[in-house]
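# Residue-level structural notes
Below are the chains, spelled out letter by letter.
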Amino acid sequence: MLKTLRYFTILFIWFIISIYLFVLCIIQIPSVQYFMGRQASGILESIFETEVSVKRVNIGFFNRIVLDDVSMCDQTHQPLLTTRRMAIRVDVPQYLTTGRLEINSAQLIGCDIQLRKKDSLTALNCQFIIDKLSSSSDEDSSPINMSVGSLIVRDCNLSYHRSDLPNTATEFNKNHISLQHISAHLILGNLSPDSVSLRVKRPTFREQQSGFQVSKLSFNLNANRNACTVKDFVLAMPHSQLSIPYYTIQYALDPQSTLLSGEGIFDKDFKHKGSIVTAPISTEDVRRILPSSIRLPKEEVALSCNISGEYKKLKISNLLLSNKEKNLTVNAEMEADFSSSRPLWSCQLHQLSFTPSAIQHLLSGIQDKSLKLSPEILGLNNITCKGAVCATPTHLL
C-alpha cells in the first residue's frame, strides 16, 4: 500500500513538472508571445486607464515576466514611458485568486520617461500612476500592491519640463531637466500615500544641457506624515564628493492631504537640521549647475558644517572651509531670515585667513576685470581677521 502511494505521489509530481515545462515551451513560440503581449496591453490599460502597448511577453522561471517594447501614454495621450525591456517578478497565484497584481521586483533597460507639468498648479503627468501604485486604507480599491524589493535601471533617460516656462540651451534649468544614461539600483521598502521607505545605491547619470555628471549617489530615505530623514547621503562627481551623514526635516501635514501629494504642510511646524562632513568640492563640477553669468575660477575646497532652521530661516554653524593650497581658510557661523518683507543676513566670522594671491585668484572668475588688488596688497603675506556683519538687501547694519 505504501509503495503504491509513493508511486502515485512521484507520478503526480512528475506530471506537474511536465505540464509546467510544456507550458514554458509553448510560451516560447513567437506567436504566443505576441498574443500575450496584446493581452498584457489590455490588462495594463484597464489598471492604469490609459493607452498601453506591449509588443510581446515572455514568462520565465520563478514567475519572472519579461515585456519587450513597452510604451505608455499619460492621460493627455502624450508619450510618458517607453522601454526596450521591462522585467518584473509577480505573485501569480495571488493575481489569479484575488485579481490583485503584486510586484516584488522590477528591471528597466533602455527606458525613456518624459515627465511634464503644465504649470505650478497642475500635477505631474505621472500622478495617476503614483495613485494606482500607492496602497490606500481600503486595500481592495487599489489593484496593485507595490512591494518592490529591488528596482534595477540600466541605460535609461528621464526628462522633466514645465510647459509654461522657457527653456535654456546650454545651462542648467530646474524647470527643464534632461538626465541621460541613468543606471541605478533602488530598493523600495514601502510606498503608500503617507509613508515612503527608499534606499538608493550606485546611480550614475548626466544632465544633457549643463553637462553636470554624477558618478555615484547613495542614501537611505524614510518619510511619514511627521518627518523625513535622509541618512548616509553620498554624492560623487568627477572632481568632487559630498557626504551628509544625516538630514532630518520635521513637519505636520493637513489631515486632508497625503505625503505623496506634497501639499498641506503647515509652515509653523517646519524644522530641519543636518550636517556636512569634510568633503572636497571642485568648482569644475559646481559651475555646471550655476547660471552662465556666474564664473568661478578652477579651485578645490574642503567643506564641513552643521545646518539647521525653521520655515524661511536658515542657520549654518561650525562652518569650516579651506582650499587645497591652504592659503584660504574660513571659520564662521551664518544665519538668514526670510520670514519678513526685508530679508536679513548675519555672519559671525571667527577666523578668516588668506593670502592676497588667493583672493586675486577668486577675483579672476568675476567678469568685471577692473577688480584687482593693488601691488602693495599683493606684496603682503598671510592676512588674518575676524568680526561680525549683518545686512539687508539694501543696507549694511
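These notes cover the structure that comes with them. (Residues numbered from 1 in each chain as written. Predicted model: local features only at pLDDT ≥ 70, side-chain atom pairs only at ≥ 80, totals over all residues. Heavy atoms only, no water.)

### What to know about helix 2 (residues 30-48)
Our working rule: Numbering of helices and strands runs from the N terminus; a helix is a DSSP stretch of H or I covering at least four residues, while a strand is a stretch of E covering at least two. To estimate the expected span of a helix, subtract one from its residue number and multiply by 1.5 Å. With a 1.4 Å probe rolled over the protein chains alone, any residue whose accessible area is under 20% of its type maximum counts as buried; one over 50% counts as exposed, and the rest are partly exposed. By construction, the arc corresponds to the directions joining the helix axis to the C-beta atoms.
Look at helix 2: 27 Å from first C-alpha to last across 19 residues, which is about the 27 Å you get at 1.5 Å a residue. For helix 2, the complete set of buried residues consists of Gln-33, Met-36, Gly-37, Ala-40, Ser-41, Leu-44, Ile-47 and Phe-48. One side of helix 2 carries all its buried residues, which in axial view fall inside an arc of 155°. Turned more than 90 degrees off the buried face of helix 2, the exposed positions are Ser-31, Arg-38 and Ser-46. Backbone geometry just after helix 2 places Glu-49 at a positive phi near 55°.

### Looking at the nonpolar core
Put simply, the test is: Side-chain atoms within 4.5 Å are what join buried Ala, Val, Leu, Ile, Met, Phe, Trp, Tyr and Cys residues into a set we call a nonpolar core. Residues are treated as being in contact if the distance between any of their heavy atoms lies within 4.5 Å.
One finds Val-54, Leu-67, Leu-80 and Ile-88 to be the most contacted residues of the largest nonpolar core, which totals 62 residues. Once you skip the residues sitting within four places of it in the chain, Leu-80 turns out to touch Met-72, Cys-73, Asp-74, Asp-112, Ile-113, Gln-114, Leu-115, Arg-116, Asn-125, Cys-126, Phe-128 and Ile-129.

### A short note on the layout of surface pockets
Note the following rule: In this analysis a 1.4 Å probe is tested at points of a 1 Å grid over the protein atoms alone, and where it fits but cannot get out there is a cavity; an open set with protein on both sides within 12 Å along at least five of seven lines is a pocket; lining residues have an atom within 4 Å of a point. Grid points are joined across faces, edges and corners, and a volume is the space filled by probe spheres set on the points. Residues are grouped as follows: nonpolar covers Ala, Val, Leu, Ile, Met, Phe, Trp, Tyr, Cys and Pro; charged covers Asp, Glu, Lys and Arg; every other residue, Gly included, is treated as polar.
In this structure, the second largest pocket spans a volume of roughly 410 Å³. Along the walls of the second largest pocket sit 19 residues, with Ile-281, Thr-283, Val-286, Leu-296 and Val-301 positioned nearest its centre. Listing elements by their share of the lining of the second largest pocket, those giving two or more residues are helix 5 (283-286) and strand 13 (300-310). In terms of residue class, the lining of the second largest pocket is built from 17 nonpolar, one polar and one charged.

### Quick notes on the side chain of Ser-275
One can find Ser-275 in strand 12 (residues 271-282). Not counting residues up to four positions away in its chain, the partners in contact with Ser-275 are Ser-243, Ile-244, Pro-245, Tyr-246, Cys-305 and Asn-306.

### Structural notes on the side chain of Glu-284
Selection criterion: What qualifies as a polar contact is a pair of N or O atoms within 3.5 Å, subject to a donor-acceptor requirement within protein and to the restriction that residues adjacent in sequence count only when both atoms come from side chains.
Looking at the element boundaries, Glu-284 is found in helix 5. Side-chain polar atoms of Glu-284 contact the side chain of Arg-287, separated by 2.7 Å. When neighbours within four sequence positions are excluded, Glu-284 is seen to be in contact with His-239 and Lys-298.

### Observations regarding the pairing of strand 15 (residues 328-337)
Two faces, one strand: in a regular strand the side chains alternate between the faces of the sheet. Stated formally: Strands pair, by our definition, only if DSSP identifies at least two bridges between them.
Looking at chain direction, strand 14 (residues 313-323) and strand 15 are connected through eight bridges and run antiparallel. Counterpart to Lys-313 in the pairing with strand 15 is Asp-337. In textbook terms, the turn of a hairpin is the stretch between consecutive antiparallel strands, and for strand 14 and strand 15 this stretch comprises four residues, one of which, Lys-326, has a positive phi near 60°. Relative to strand 16 (residues 344-354), strand 15 is paired through ten bridges, and the arrangement is antiparallel. Opposite Ala-336, over in strand 16, you have Trp-345 as the bridge partner.

### As for the packing of aromatic side chains
Going by this rule: Side-chain rings of Phe, Tyr and Trp, where Trp is taken by its six-membered ring, are said to pair if the distance between their centres is within 6.5 Å; with planes under 30 degrees apart they count as stacked, over 60 as edge-to-face, and otherwise as tilted.
This model, assessed by the stated rule, comprises three aromatic pairs. A centroid spacing of 5.9 Å and a plane angle of 80° characterise the contact between Phe-338 and Trp-345, whose relative ring orientation is edge-to-face. With a relative accessible area of 38%, Phe-338 lands in the partly exposed category. Classification of Trp-345 as partly exposed rests on a relative accessible area of 35%.

### Some details on the pattern of salt bridges
The line we're drawing: In the sections that follow, a salt bridge refers to a side-chain nitrogen of Lys or Arg positioned within 4 Å of a carboxyl oxygen of Asp or Glu.
Overall, the coordinates contain six salt bridges when judged by the stated rule. Where Arg-85 meets Asp-68, a salt bridge forms, and the shortest distance between an N and an O atom there is 2.9 Å. Of this pair, Arg-85 sits in strand 3 (residues 79-90) while Asp-68 sits in strand 2 (residues 64-73); the two residues are 17 residues apart in sequence, bridging distant segments of the chain. The partly exposed category is assigned to Arg-85, whose relative accessible area is 37%. Residue Asp-68 is classed as buried on the basis of its relative accessible area, which comes to 9%. Residues joined by salt bridges that share partners form a network here, namely Arg-56, Asp-68 and Arg-85.

### A short note on unusual backbone geometry
For Asp-155, which is not a glycine, the phi torsion comes out positive at approximately 50°. By the element assignment, Asp-155 lies in strand 5 (residues 144-162). Owing to a relative accessible area of 39%, Asp-155 belongs among the partly exposed residues under this scheme. One non-glycine residue, Lys-312, lies in positive phi territory at about 65°. Here Lys-312 is to be found in the loop between strand 13 and strand 14. Note on Lys-312: relative accessible area 42%, which makes it partly exposed.

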